[in-house]
Amino acid sequence: MNGGPAGGSLALARFGSFFAGGRALRIDGRPVDRLHISDTLPDFRHDPNGGYVIESCYVQYFIPEPCTGLPVVLIHGGGFSGACWETTPDGRPGWTELLLRRGRAVYVLDMVERGRAGWCALPGVWPDPPIMRTAEEAWRVFRFGDAADFAARRGFPGLRFPLESFPAFLRQFVPRWPGSDGRAQPALQDAIRIIGRCAIVAHSSGAGLAYQAAMEAPDLVAAVATLEPNGTPRGMPADLSGQRFVAVFGDYLDRDPLWLGLHAGTCEMTRALAGRGARASCLTLADAGLPGHSHMLMMDRGSDRVLALTLSAIDDAAGD
């Protein structure tokens, strides 16, 4: 395949995809409808009663040639799909390609309800309605700039996010169901059983899923890197020795009390992980000489350096 802006060709031993997890569902007693799809086709009889499989996740994988180190599983955050790892809004190579160029096998997930995993459209099966994120909310929560500067698209001083591509960024937003984590966790666990021993890199709300996967399958999840996490595991085993955890935060945390609280809570959780024998750390990029990063660390300019720091933190997992 062509290497594009990163330069040079990229050899793949293989690539493909699979679905993981899901549960069987039976629908009975629903009315039969006649549906009109197209003016060129006759209406047809649609019977919704029968068997379904719902709540799977979609996994796309790329295996480079040559291949080294632990496979990396990429988990998106809330309101996104795995596309957030592929190409930045301004067209630079995303972490999927950057990891492949480092010789790492990459597994990109669309979690339950997102992207190619799809969602359950059967009425009443998922009781909560979906929501979508507004441009204004993204501007504030992702720390691109002050709310008063949204209309002018004037970002924080030194911001590394490519604001000229903000419209392209907004096109990535997909519906989300607020109560979906309980449905997503079994699918992720099944995907990891298929993938085998791995490192997980998770963004934002995907962190809670990643942490829980590490707690439930410590033999398979050797390391977890969370980018601006806002999730925690439901419980911690007494012994986490041999596992590696790193949480990475961007800049401008003091501009929003939400992020100050999440940062403090994550650092406290990191200490709890270390108290159970894990090698755990909390990294703030501005303190590491990389200021200007937003919540969207993998899309910011200079995200290749963020990736390098992240990998150096998780690649010292025991045995690797």
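Just so it is clear, the model here is predicted, and its values are computed rather than measured.

Turning next to the confidence of the model for the protein. Considering every residue of the protein, the mean pLDDT works out to 93; 96% of them sit at 70 or more. Every residue in residues 1–5 is under pLDDT 50, and counting partners more than four places away or in other chains gives 10 contacts.

Spatial strand order, E1-E4-E6-E5-E7-E8-E9-E10: eight strands in an open sheet with mixed pairing. The sheet is open, and its two borders are formed by strand E1 (12–27) and strand E10 (279–284), each paired with just one other strand. Put simply, the sheet's adjacent strands are angled 15 degrees from each other on average, direction ignored. Of the strand pairs in this sheet, strand E9 (residues 244–249) and E10 are connected by six bridges, and their pairing is parallel. Bridge pairing in E10 links alanine 247 to cysteine 282. Docked against the sheet, helix H4 (residues 181–195) engages E1, strand E4 (50–64), strand E5 (72–75), strand E6 (106–110), strand E7 (198–203) and strand E8 (221–227), running at close to 140 degrees with respect to E1.

Side chains three or four residues apart in an α-helix point the same way, a direct result of the helix having 3.6 residues per turn. Taking burial as the measure, the 11 residues of helix H5 (residues 206–216) include 10 buried ones, the bulk of the element. Every buried residue belonging to H5 is among Gly206, Ala207, Gly208, Leu209, Ala210, Tyr211, Gln212, Ala213, Ala214 and Met215, and all of these are buried.

A word on the nonpolar core. Counting residues in each nonpolar core, the largest one holds 98 residues, and the members touching the most others are Tyr107, Phe144, Phe169 and Ile200. Looking at which element gives the most residues to this core, the answer is H5, with seven residues. In contact with isoleucine 200, other than residues within four places in its own chain, are Val73, Ile75, Ile192, Ala210, Ala213, Val221, Ala223, Val224 and Ala225.

Cut-off values and rules
- Residues numbered from 1 in each chain as written.
- Predicted model: local features only at pLDDT ≥ 70, side-chain atom pairs only at ≥ 80, totals over all residues.
- Heavy atoms only, no water.
- pLDDT = per-residue confidence, 0-100.
- Contact = heavy atoms within 4.5 Å.
- Pairing = 2+ DSSP bridges.
- Helix = DSSP H or I, 4+ residues; strand = E, 2+ residues; numbered from the N terminus.
- Axes fitted to C-alpha atoms, helices over the stretch in contact; angles between N-to-C directions.
- Buried < 20%, exposed > 50% of the residue type's maximum accessible area, 1.4 Å probe, protein only.
- Core = buried A, V, L, I, M, F, W, Y, C linked by side-chain atoms within 4.5 Å.

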